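Structural overview for review
Chain by chain, the residues run as shown.
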Amino acid sequence: MSERPPSSAPSVTPLSPASPAAVVAALRAAGCVFAEDEAELILAAARTPDEATELVRRRASGLPLEQVLGFAEFHGLRIAVEPGVFVPRRRTELLVDEALAQAPHACLVVDLCCGSGAVGAALAAALGPVELHAADIDPVAVRCARRNVAAVAGRVHTGDLFDALPAALRGRVDILAANVPYVPTDEVALLPPEARDHEPAAALDGGADGLDVLRRVTAEAPGWLAPGGCLLAETSERQAPAALAAFAAAGLAARLAVSAELYATVVVGTKR
């Protein structure tokens, strides 16, 4: 709530550049909808007033808040996020929850298209001791993911989808989480600037209808899954019927999980 000084006040002391009110005002001017919440996080992260001013400048320039702070909150964890790495979304927590419900005793987990490694780290944290492998084609993402899965002894590989994984994993994977890009190419330009301008295109662009990468993953997944193992992929509500068809075409028993609260849609496929 803003405060108005009494009309008799002779002057108003200028605000420090790092004062909460000044930070909120700067973020509002830059178009940040949740300026108060963001200001609180920035001020908590900054060690000095000068650092706070620099963090505000970076956020006001359009950099995603998580990349400004250096972390994102995801499924109860603080996930390290670097510039140029896809920022984990809260809606993807549905994928994690569905994986845990489908395979609560999983021993071998793969996080494909891992980005920061948030999904793999969250699954390993919830499951307890597991063998965790993550993979991404982007070396920057791989470096970031290694930071996030180190605590659970996860291994991160660089390469294109399954080509990155050790062949010894074939037929053994209990949970295959694939948070693939699913934005149709023509719609990437319509994304918010935080994503469009500051996250890698390969983590967003899913091809003409948004499902190119999903189809590649589902086609190969059965060869990597253990009997009863599951594949999970996020998609949009509009794409869900086509995504379900791709899972079925690969021979997986598929179902849809939807969360109105998270605005999330996940396809879950189980190897028969």
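Figured I'd write up the structure that's included with this text. Just so you know, these numbers come straight off a predicted model, no measurement behind them.

1. So, the overall build of the protein
A count of helical and extended segments in the protein gives ten helices and nine strands. Residues counted as buried form 50% of the 272 residues belonging to the protein. For the protein, the proportion of contacts with a sequence separation of at least 24, taken over those separated by at least 6, is 60%. For the protein, the exposed area adds up to about 13,200 Å²; of that, 56% sits on carbon and sulfur atoms. Side-chain charges of the protein comprise 23 positive and 33 negative groups, with the mean position of each set lying 3 Å from the other.

2. Considerations on helix α10 (residues 240-249)
Those residues of α10 not exposed but buried are Ala240, Ala243, Ala246 and Phe247. Buried residues of α10, viewed axially, fall in a sector of 120°; they line one side. Opposite the packed face of α10, turned more than 90 degrees from it, sit the exposed residues Pro241 and Ala249. Elements that come into contact with the buried residues of α10 comprise α9 (212-224), β7 (225-235), β8 (252-259) and β9 (264-271). Immediately downstream of α10, the backbone of glycine 251 shows phi near 90°, a positive value.

3. Brief notes about the layout of surface pockets
Empty space among the atoms becomes visible once a probe the size of a water molecule is rolled across them. Each pocket or cavity is described by its volume, and for the second largest pocket that value is around 460 Å³. Surrounding the second largest pocket, 29 residues form its lining, Cys113, Asp136, Pro181, Ala202 and Ala203 being those nearest its centre. Of all the elements, α9 adds the most residues to the lining of the second largest pocket, at three residues.

4. Details of the pairing of strand β4 (residues 131-136)
Most of β4 sits out of view: five of its six residues are buried. In the sheet, strand β3 (residues 108-112) pairs with β4 via five bridges, with the strands oriented parallel. Counted as the bridge partner of aspartate 111 is alanine 134 from β4. Note on the crossover from β3 through helix α6 (residues 118-127) to β4: the handedness is right-handed. Bridge analysis of β4 against strand β5 (residues 155-158) gives four bridges, and the strand direction is parallel. Within the sheet, the bridge partner assigned to alanine 134 lies in β5 and is valine 156.

The rules we used
- Residues numbered from 1 in each chain as written.
- Predicted model: local features only at pLDDT ≥ 70, side-chain atom pairs only at ≥ 80, totals over all residues.
- Heavy atoms only, no water.
- Helix = DSSP H or I, 4+ residues; strand = E, 2+ residues; numbered from the N terminus.
- Buried < 20%, exposed > 50% of the residue type's maximum accessible area, 1.4 Å probe, protein only.
- Contact = heavy atoms within 4.5 Å.
- Areas by Shrake-Rupley, 256 points an atom, 1.4 Å probe, with all protein chains shown as cover.
- Lys, Arg positive; Asp, Glu negative; His and termini not counted.
- Charge placed at Lys NZ, Arg CZ, Asp CG, Glu CD.
- Arc of directions from axis to C-beta.
- 1 Å grid on protein atoms, 1.4 Å probe; cavity = no way out; pocket = protein on both sides within 12 Å on 5 of 7 lines; lining within 4 Å.
- Points joined across faces, edges and corners; volume = space filled by probe spheres on them.
- Pairing = 2+ DSSP bridges.
- Right-handed = clockwise from strand over helix to strand, strands pointing away.

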